[in-house]
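Geometric and topological summary
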Amino acid sequence: MIGFIIAGLVIGALARLFTPGKQKLGLLATLLLGLAGSVIGGTIAGILGTGSIFELNVFGFIIAVISSVLLVGTAESLSARRKNSSISR
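Notes on the structure follow. (Residues numbered from 1 in each chain as written. Predicted model: local features only at pLDDT ≥ 70, side-chain atom pairs only at ≥ 80, totals over all residues. Heavy atoms only, no water.)

**Structural notes on helix H1 (residues 2–18)**
Spanning 17 residues, H1 covers 24 Å between terminal C-alpha atoms, matching the ideal 24 Å at 1.5 Å per step. Among all positions of H1, only Gly8, Ile11, Gly12 and Ala15 are buried. Projection of H1 onto a plane perpendicular to its axis shows the buried side chains occupying an angular sector of 100°, all on one side. Residues of H1 that are exposed and angled more than 90 degrees away from the buried face: Ile2 and Leu17. (Helix = DSSP H or I, 4+ residues; strand = E, 2+ residues; numbered from the N terminus. Expected span 1.5 Å × (residues − 1). Buried < 20%, exposed > 50% of the residue type's maximum accessible area, 1.4 Å probe, protein only. Arc of directions from axis to C-beta.)

**Points about the packing of H1 against helix H2 (residues 27–47)**
What describes two packed helices is the angle between their axes and the distance between those same axes. Interhelical geometry of H1 versus H2 gives an angle of 100° and a closest axis separation of 7 Å. Of the possible angle classes, the one that applies to H1 and H2 is roughly perpendicular. In contact with Phe4, Ile5, Gly8, Leu9, Ile11, Gly12, Ala13 and Arg16 of H1, H2 contributes Leu27, Thr30, Leu31, Gly34, Leu35, Ser38 and Val39. Here the residues of the contact of H1 with H2 sort into nine nonpolar, five polar and one charged. (Axes fitted to C-alpha atoms, helices over the stretch in contact; angles between N-to-C directions. Parallel < 35°, antiparallel > 145°, perpendicular 65-115°, else oblique. Contact = heavy atoms within 4.5 Å. Nonpolar A, V, L, I, M, F, W, Y, C, P; charged D, E, K, R; others polar.)

Below is the structure:
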């Protein structure tokens, strides 16, 4: 469980590093997006037969980082949209 949390933090941090611009996400959001990305990456790796969701492998890690980058971008987009809609009211 601790390894899963550490992997989530590392993947979330890498995703924020690879996402252009400044993100206004806290440590908890980074952790949660990293964990979600690692679950997606592990699931895809499992479906393709390169490993399981509980196994750290290169392909699953790469897919997890890519998934987390997309999740960070989506979270930032939703956050900006929510902020803009509350300002325009």
